[in-house]
Amino acid sequence: MFSPTVAHDWHFPRSTTGIGVLLAWARAHGIDPAPLLVGTGLAPADLEGAEGR
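What you see is a predicted model, and the numbers here were worked out from it, not measured in a lab. (Residues numbered from 1 in each chain as written. Predicted model: local features only at pLDDT ≥ 70, side-chain atom pairs only at ≥ 80, totals over all residues. Heavy atoms only, no water.)

Colleague: Got a sec to walk through the overall build of the chain? Specific residues and values, please.
Modeller: Along the backbone of the chain there are 1 helix and 0 strands. For the chain, the residues scored as buried account for 15% of the 53 residues in total. Entry remark: accessible area of the chain is about 4500 Å², with carbon and sulfur atoms responsible for 65%. (Helix = DSSP H or I, 4+ residues; strand = E, 2+ residues; numbered from the N terminus. Buried < 20%, exposed > 50% of the residue type's maximum accessible area, 1.4 Å probe, protein only. Areas by Shrake-Rupley, 256 points an atom, 1.4 Å probe, with all protein chains shown as cover.)

Colleague: Report on helix α1 (residues 17–28), specifying residues and quantitative values.
Modeller: Counted at 1.5 Å a residue, the expected span for α1 with its 12 residues is 16 Å, and the 17 Å between its end C-alpha atoms agrees. Buried within α1 we find T17, G20, L23 and A26. Just past α1, the residue G30 takes up positive phi, approximately 80°. (Expected span 1.5 Å × (residues − 1).)

Colleague: Describe in detail a nonpolar patch on the surface, supporting the description with residues and values.
Modeller: Residues W25, I31 and L36 make up a contiguous nonpolar surface patch of about 310 Å² in total accessible area. Position of L36 relative to the elements: it lies in the segment after α1. Classification of L36 by relative accessible area gives partly exposed; the value is 47%. (Patch = residues over 30% accessible without salt bridge, like charges linked within 9 Å, V, L, I, M, F, W, Y side chains within 5 Å. Salt bridge = Lys/Arg side-chain N within 4 Å of Asp/Glu carboxyl O.)

Colleague: Just give me the short version of the environment of V21, but keep the residues and values in it.
Modeller: With respect to the helices, strands and loops of the structure, V21 is situated in helix α1. For the pair V21 and L47, spaced 26 residues apart in sequence, the C-alpha to C-alpha distance is 9.5 Å.

Here's what the structure looks like:
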């Protein structure tokens, strides 16, 4: 009924766009985004301009 998915697992490269959008939402709601990146290997500078890309 449905076509098979392209990705068979979560181990594939992804852009930072989605993370940038979520962090923009967090900032807009008074949440400091830096602690949200702990353990990701990303720094806030890695996401500069990611919203809307």
